[in-house]
Amino acid sequence: MLYIVIPYRDREQQLLAYLKQTVQIFKSTFKDFRIIIIEQGNIKPFNKGLLLNVAVKHLEMQDDDEIIFQDVSILPTRNVILECYKPKIKSDCAVGIYSHETSMGGVVKINKRLFDSINGFPTNYWGWGSESNTLRERLNMAGATCIIKYSPNTNISNASFIVPEEPASISREKRLEGERNEALHKFFRQCNRERKIYTIEKSGLTTTHFTPLRHLYLEGEPSIEFITVDI
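Residues numbered from 1 in each chain as written. Predicted model: local features only at pLDDT ≥ 70, side-chain atom pairs only at ≥ 80, totals over all residues. Heavy atoms only, no water.

Here we take up the pattern of salt bridges. Overall, the coordinates contain 8 salt bridges when judged by the stated rule. For Lys109, the salt bridge goes to Glu66, with nearest N and O atoms at 3.3 Å. Linking Lys109 in strand 6 (residues 107-111) with Glu66 in strand 3 (residues 66-70), this pair joins segments that are 43 residues apart in sequence. Pair check on accessibility: Lys109 and Glu66 agree, each one buried. (Salt bridge = Lys/Arg side-chain N within 4 Å of Asp/Glu carboxyl O. Helix = DSSP H or I, 4+ residues; strand = E, 2+ residues; numbered from the N terminus. Buried < 20%, exposed > 50% of the residue type's maximum accessible area, 1.4 Å probe, protein only.)

This is the structure in structure tokens:
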């Protein structure tokens with residue numbers, strides 16, 4: 001089974017654009033797939049990594065399932081879906097699709113078994129940014145093969161993805177959240193291996209807790225699910 005997991009909060013127009021762009025392509029390309037929109041149902045700062053961990057735990061995925069973690073703002077073309085989303089990947093490999101070289105963000109394809117082995121995403125990055133950088137560090141520590149396809153801000157990626165524009169200004173609160181998360185990531189990188197392992201054990205999939213609030217299916221589309229949780 002292929003799971004496409006989208007962390008979500010207050011991005012209705014982008015979500016509608018994503019579903020309009022991709023659902024029919026997925027239907028014609030994959031035999032078994034599910035699109036999971038995982039929504040944070042509280043007023044706390046957004047926690048992307050924690051939400052993605054929640055989706056994996058809540059859906060009780062199998063070891064050989066493949067997961068695509070997908071930002072709702074990134075719209076892949078049919079060619080990208082056929083080239084990057086469809087092919088099976090090795091169990092020790094993760095693919096960053098529309099991702100920077102030192103990160104695994106934007107769109108990430110990973111095997112459930114590998115995701116478990118690195119204890120998923122860190123759970124203490126509240127607000128904007130850096131969880132994808134730490135995910136890359138966890139993969140590197142596990143000896144995983146990380147492949148980057150279609151790095152942002154290149155001609156070929158611009159032709160292959162449509163990224164809806166966001167407001168140019170960044171709020172002071174969001175900027176401070178980003179600075180805090182960047183500091184957490186920098187501290188993690190500077191730790192010795194023993195300390196990193198301790199940090200991974202204390203912040204990840206095994207320490208993810210949540211309360212389900214709502215689980216709905218899109219009318220007429222049983223492969224598209226909306227899950228709202230309190231974290």
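And the narrative resumes.
Moving on: the side chain of Glu225. If you trace the backbone, Glu225 turns up in strand 10 (residues 221-230). A polar atom in the side chain of Glu225 sits 2.8 Å from the side chain of His215. The residues contacting Glu225, other than those within four sequence positions of it, are Arg34, Ile35, Ile36, Ile37, Leu59, His215, Leu216 and Tyr217. (Polar contact = N/O pair within 3.5 Å; in protein donor to acceptor, adjacent residues only side chain to side chain. Contact = heavy atoms within 4.5 Å.)

Centre-to-centre distance and the angle between the planes together describe a pair of aromatic rings. Under the defined criterion, the tally for this structure stands at 9 aromatic pairs. Among the aromatic side chains, those forming a connected cluster through ring pairs are Phe26, Phe30, Phe33 and Tyr85. Over the ring of Phe188 we find Lys196; its NZ or CZ atom is 5.7 Å from the centre of that ring. (Phe/Tyr/Trp six-rings, centres within 6.5 Å; stacked < 30°, edge-to-face > 60°. Lys NZ or Arg CZ within 6 Å of the ring centre and 35° of its normal.)

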